Amino acid sequence: MAVTLKLKELSKKEDLFTHGHRMCAGCGAPIVVKMVLIASEHPIIACSSTGCLEVSSCISLYTSWKIPWIHSAFENAAATIAGVETMYRALRKKGKINEEIKFVTFCGDGGTYDIGIQSLSGAMERGHDMLYICYDNGAYMNTGIQRSSATPLGADTTTCPAGSSIPGKTQERKNLTRIMAAHDIPYAAQASISNWLDLMKKVRKALSIKGPKFMNILAPCNRGWRSRTDDAIMLSRLAVNTCFWPLYEVEDGVTKITFKPKEKKPVADFLKPQGRFKHLFSPENEWLLKQSQEGVDKEWERLQRESSQQG
Amino acid sequence: MKLKGWRELTPGAVILEAGNSAEFKTGSWRAFKPVWIKENCIQCLFCWLYCPDMAIKVKDGKREEFDYDYCKGCGICALECPGKKGQKAIVMVEEGR
Amino acid sequence: MARIVAATGNEAVAEALRQINPDVCAAYPITPQTDMMQRFASFVSNGKVDTELILVESEHSAMSACIGASAGGGRVATATSSQGLALMWEMLFIASGTRLPIIMPVVNRALSAPLNIHGDHSDAMGARDSGWIQLWSENGQEAYDNTIQAFRIAEHMDIRLPVMICLDGFIISHSIERVEYIEDNDVKNFVGEYKPLYPLLDIHNPKSFGPLILPDLYHEYKRAQHEVMTKVKDVVLHVAQEFEKISGRKYGLFETYRLEDAEIGLVILNSAAGTSKDVVDEFRERGIKAGLLKPRLFRPFPYEEVGDALKHLKALCVLDRADSFGAYGPVFAEVSSALYQMRERPQMINKIYGLGGRDFLPQHAEQVLSELVEIAKTDKVQIVKEYIGVRE
């Protein structure tokens, strides 16, 4: 099934995630799923935690999944797929299954960074042969835009609204990709739907490695981000070019930045088009905007250091 | 879809018809619809790639018409379209006009 | 050849699991289940089973992994107690709602708070609405036998529901008793080859598990689940009949002991029933017509059969090794519901005993039976629910 990573060739592949799903117009999550499934050269069995993707892709008597797919609960996608993967190994050992199947999860940041982190950590530690993909839209979007530990600093959400006393989220985002890399798994990476080739190469690389892998993919949510329905790709591109969402991979402990923006833009460029950061642009919140830039810079510098030291 | 009685349901709510969401046409969600201007199209296929609803038909590596049964009118395709010589190959037009 | 051994309850259940050789097991330690899965783990490490053992990081993940593995399409088991069962509570409903035949021995232990590691029934009783089939075991032999039968019951094509096998923590799990093991091949043939219903791992027939269901369909899915439960009773009896052929041991929905002509009786689960049977004998020797009913199948509860078996009594005490705070004990609630439908029925009282591993001694059974003698005479009940064996 080795199709080269050229759009013309890839477009001939059958849609394994089809239309008729209930995700909002312009949602980043189905774009993530689509790109991952297009990139894969092996049959995939997927698992999703409860969340936007899950409820919108499998509702009532309908399913958008043309691959085997399971949802069980919110915090346990990693444990659930670990169970499927283990049964696969058990049955393969007994000669009851002969195909090579890859196991992938598609989970939101809510079910990954917070409630799902225990089962994710456990599955990674046990070394299951699986690829955990987090589509990170920075909040519990399915329940109406509540704050998660993936929510960026200063963002307005329904549980940390930008009010007169508190200007939105006061904590920095959790750096989950780094936490996953620290599990010493063979592969951890960050990708973006704006850089499709980088994303697909990473997916292919991950799927070719045996063992636990993690990928964090930014997935703009125009409802939660208070942006336009047409800007998912544009905002992803800005996230990458402002280094808010650096594209890198950590393979066997070696960090490598996979995309360096020609010109690093100020993070304000990424934040401005999003209504959830509107309050950061008033004079009394200048310090928060500054803190946001500092956070981005610090992480970018750290990545560059690690990447050059190990490269 | 006609609602089933309890005897007709699959045990465990398992859905055996993969991809049957195609029976649910989301095209009615649109407020704006994309129009393909073929002369300006360089067949880059970005629209096909970025469409969250798989609403651009492709055949033999070339894009064809929009699948208006599913297009939700998000406009990503129009925004991302590189067009030809500064002219977009996709423009968004208000639905029903 | 059947082997007669001296074994603890945990050993016996681990042996049953070894003979059945499930495809995947998940394990997380919790007293007093721990040494059951430890024994099983040593079977795995020494190549005595082919089972892939997932050493999960919590019981919630244990049940989640079992759900994934069972949906994948193979035979799956895990085991737990108390807090572990409580932690996986949401997943129990998901396992039964998804109709996955997962088998789980539950070594019954008290629920916190306060923390207590000893035997009582509060854990499994707390899960009685979860849609799992529940089989309760008086001793190591029954736990072993129930585990083997559980696979056949769960995997029956009309059923496809998860089953929990309950055995008293420490009292049975850690006490050495005489246990008769069935020959390996007989167990293997009895349980048979696993037949998956909707295997997720069949990539040629992709399917989706776990949809979002709205108010227009959920009610119907649950009605369907209720229907399946109504079929369990017959399957349990049928499997027991087959089991008798390979073991020589008879099982039913419950066990009755000297009940047919009894005037006073006890309903009591698990190990304390064993103690009580001796006291029933003593009372019989004194000319008092005492009897006992020990439930085996608690979910689904066989209301008609239980009602029928008990209706002729003059006085009945249901002993619960778990409490439902603010209500009568769980077994009492079921037995009274069963007897409510009968034209004639006994006076009933409810005793809560043995919580947190508090011993249930013959004198407690004596105390209760003596009280029943009085109630039978006067036809009056002073107090319905009381704790026994408690220091005032």
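By convention here, each chain's residues receive numbers from 1 onward along its written sequence. Each chain is given a letter, starting from A, and each ligand a number, starting from 1, according to the order in which they appear as written. pLDDT decides what is reported in this predicted model: residues at 70 or higher carry local features, side-chain atom pairs at 80 or more are listed and counted, and totals for whole chains, interfaces and linings draw on all residues regardless.

## So, the overall build of chain C
Check the secondary structure of chain C and you find 13 helices and 16 strands. For the radius of gyration, the atoms used are the C-alpha atoms, and the globule rule reads 2.2 Å times the number of residues raised to 0.38. Relative to the 2.2 N^0.38 estimate, which gives 21 Å for 392 residues, the radius of gyration of chain C is 21 Å and therefore close to what a compact globule would have. Here the C-beta atoms are placed from the backbone, and a residue counts as buried if at least 20 other C-beta atoms lie within 10 Å of its own, exposed if 12 or fewer do, and partly exposed otherwise. Burial status across chain C gives 57% buried among its 392 residues. A sequence separation of at least 24 residues applies to 81% of the contacts in chain C between residues at least 6 apart. Elements are defined by DSSP. Helices are runs of H or I of four residues or more, strands are runs of E of two residues or more, and each kind is numbered from the N terminus. Residue pairs are scored as contacts if the distance between their C-beta atoms, which are placed from the backbone, is within 7 Å.

## Focus on helix H13 (residues 362-378) of chain C
All names here are of chain C. For H13, with 17 residues, the first-to-last C-alpha span of 25 Å sits near the 24 Å given by 1.5 Å per residue. Among all positions in H13, only His364, Ala365, Val368, Leu369, Glu371, Leu372 and Ile375 are buried. Buried residues of H13, viewed axially, fall in a sector of 160 degrees; they line one side. Summarising the geometry of H13, the exposed residues directed more than 90 degrees from the buried face are Pro362, Gln363, Lys377 and Thr378. Each element contacted by the buried residues of H13 is listed here: strand E11 (264-267), helix H10 (271-285), strand E12 (290-295), strand E14 (315-320) and strand E15 (347-352). Expected span of a helix: the number of residues minus one, times 1.5 Å. This arc is taken over the directions from the axis of the helix to the C-beta atoms.

## Focus on the interface of chain C and chain A
Contact with chain C, which involves 37 residues of that partner, is made by 38 residues of chain A. Among the elements of the structure, strand E3 (52-54), helix H3 (59-72), helix H5 (89-97) and strand E9 (208-209) of chain C are those that each provide at least two residues to the side of chain C that touches chain A. Among the elements that make up the side of chain C that touches chain A, the one with the highest residue count is H3(C) (ten residues). In the side of chain C that touches chain A, the residues fall into 21 nonpolar, ten polar and six charged. Of the pairings in the sheet, the one linking strand E4 (residues 69-70) of chain A to E9(C) comprises two bridges and is parallel in character. Amino acids outside the nonpolar list (Ala, Val, Leu, Ile, Met, Phe, Trp, Tyr, Cys, Pro) and the charged list (Asp, Glu, Lys, Arg) are all regarded as polar, and Gly is one of them. Strand pairing is assigned whenever DSSP detects at least two bridges linking the two strands.

## Things to note about the sheet that holds strand E10 (residues 254-259) of chain A
Taken in spatial order, the nine strands make up an open sheet running E10(A)-E9(A)-E7(A)-E8(A)-E6(A)-E5(A)-E1(A)-E4(A)-E9(C), and their pairing is mixed. Across the chains shown, the open sheet's two edge strands, defined by having one partner strand only, are E10 of chain A together with E9 of chain C. Sheet topology places strand E9 (residues 247-251) of chain A next to E10(A); five bridges connect them, and they run antiparallel. Directly across from Glu251(A), in E10(A), lies its bridge partner Val254(A).

## Re the nonpolar core
Counting residues in each nonpolar core, the largest one holds 260 residues, and the members touching the most others are Val32(A), Val84(A), Ile133(A), Ile217(A) and Val163(C). No other element matches helix H4 (residues 77-93) of chain A, which puts ten residues into this core. Start and end points for every domain follow an automatic or database-based domain assignment. Counting the residues that make up this core, at least three belong to each of domain 1 (3-247) and domain 2 (254-387) of chain C. Not counting residues within four places of it along the chain, the set of residues in contact with Ile133(A) comprises Val36(A), Val104(A), Thr105(A), Phe106(A), Met215(A) and Ile217(A). One nonpolar core equals one set of buried Ala, Val, Leu, Ile, Met, Phe, Trp, Tyr and Cys residues connected by C-beta atoms within 7 Å.

## With respect to the pairing of E14(C)
The two faces of the sheet receive side chains in turn, since in a regular strand these alternate between them. Residue and element names in this part refer to chain C. Burial analysis of E14 places six of its six residues in the buried class, which makes it a mostly covered element. Judged by which residues are buried, E14 turns out to be covered on both faces: Ala315, Cys317 and Leu319 on one side and Leu316, Val318 and Asp320 on the other are all buried. When E11 meets E14, the two strands line up parallel, connected through four bridges. Within E14, the residue paired with Gly265 across the bridge is Leu316. Relative to E15, E14 runs parallel, the two being bridged by six bridges.

## Let's talk about the domain arrangement of chain C
Residue and element names in this part refer to chain C. Structurally, chain C comprises domain 1 (3-247) and domain 2 (254-387). At the junction of the two partners, domain 1 supplies 26 residues and domain 2 supplies 20 residues. Looking at the side of domain 1 that touches domain 2, the elements with two or more residues in it are helix H6 (122-126), strand E6 (133-137), strand E7 (163-168) and helix H9 (218-247). In terms of residue count, E6 provides more of the side of domain 1 that touches domain 2 than any other element does, five residues in total. Split into classes, the residues belonging to the side of domain 1 that touches domain 2 amount to 13 nonpolar, eight polar and five charged.

## Focus: the packing of H4(A) against helix H6 (residues 117-126) of chain A
Residue and element names in this part refer to chain A. Relative to each other, H4 and H6 sit at 35 degrees, their axes nearing to 7 Å. Of the residues in H6, those touching H4 at Ala78, Ala79 and Ala82 are Ser119, Leu120, Gly122, Ala123 and Arg126. Along the lines of polarity and charge, the residues of the contact of H4 with H6 split into five nonpolar, two polar and one charged. To obtain an axis, a line is fitted to C-alpha atoms, over the contacting stretch when the element is a helix, and the angle between two such axes runs from 0 to 180 degrees between their N-to-C directions.

## Observations regarding the environment of Ala77(C)
Residues and elements named next belong to chain C. Along the chain, Ala77 turns up in strand E4 (residues 76-77). In this structure Ala77 comes out as buried when scored by C-beta crowding, with 32 C-beta atoms within 10 Å. A C-alpha to C-alpha distance of 9.7 Å links Ala77 and Val163, two positions 86 residues apart in sequence. Apart from the residues lying within four places of it in its own chain, the contact partners of Ala77 are Leu17, Pro22, Cys25, Ile102, Ile103 and Met104.

## Describing the sheet that holds E14(C)
Residue and element names in this part refer to chain C. Spatially, six strands are ordered E10-E12-E11-E14-E15-E16 in an open sheet, and the strand pairing comes out mixed. Unpaired on one side and paired on the other, strand E10 (254-257) and strand E16 (385-387) mark the two borders of the sheet. The mean angle between the axes of side-by-side strands here comes to 20 degrees, regardless of whether they run parallel or antiparallel. Looking at chain direction, E11 and E12 are connected through four bridges and run parallel. Bridge pairing links Ile264 to Ala290 in E12.

## Section: the confidence of the model for chain C
Scored between 0 and 100, pLDDT is the confidence that the predictor attaches to each residue. With 100% of its residues at a pLDDT of at least 70, chain C reaches an overall mean of 98. In the predicted complex, the global pTM is 0.97; the interface-specific ipTM is 0.97.

## Some points on the environment of Glu80(B)
Here Glu80(B) lies in helix H2 (residues 76-80). Considering only alpha carbons, one finds Glu80(B) and Tyr50(B), 30 residues apart in sequence, at a separation of 8.4 Å. In this view, Glu80(B) contacts Ile233(A), Phe46(B), Cys47(B) and Tyr50(B); residues no more than four positions away in its chain are not counted.

## Some thoughts on the pairing of strand E5 (residues 103-108) of chain C
Residues and elements named next belong to chain C. Of all the six residues making up E5, six are buried; the element is thus mostly covered by neighbouring parts of the structure. Here E5 shows two buried faces, one formed by Ile103, Pro105 and Val107 and the other by Met104, Val106 and Asn108. Here E5 pairs with E7 via six bridges, running parallel. By the bridge assignment, Met104 is partnered in E7 with Met164.

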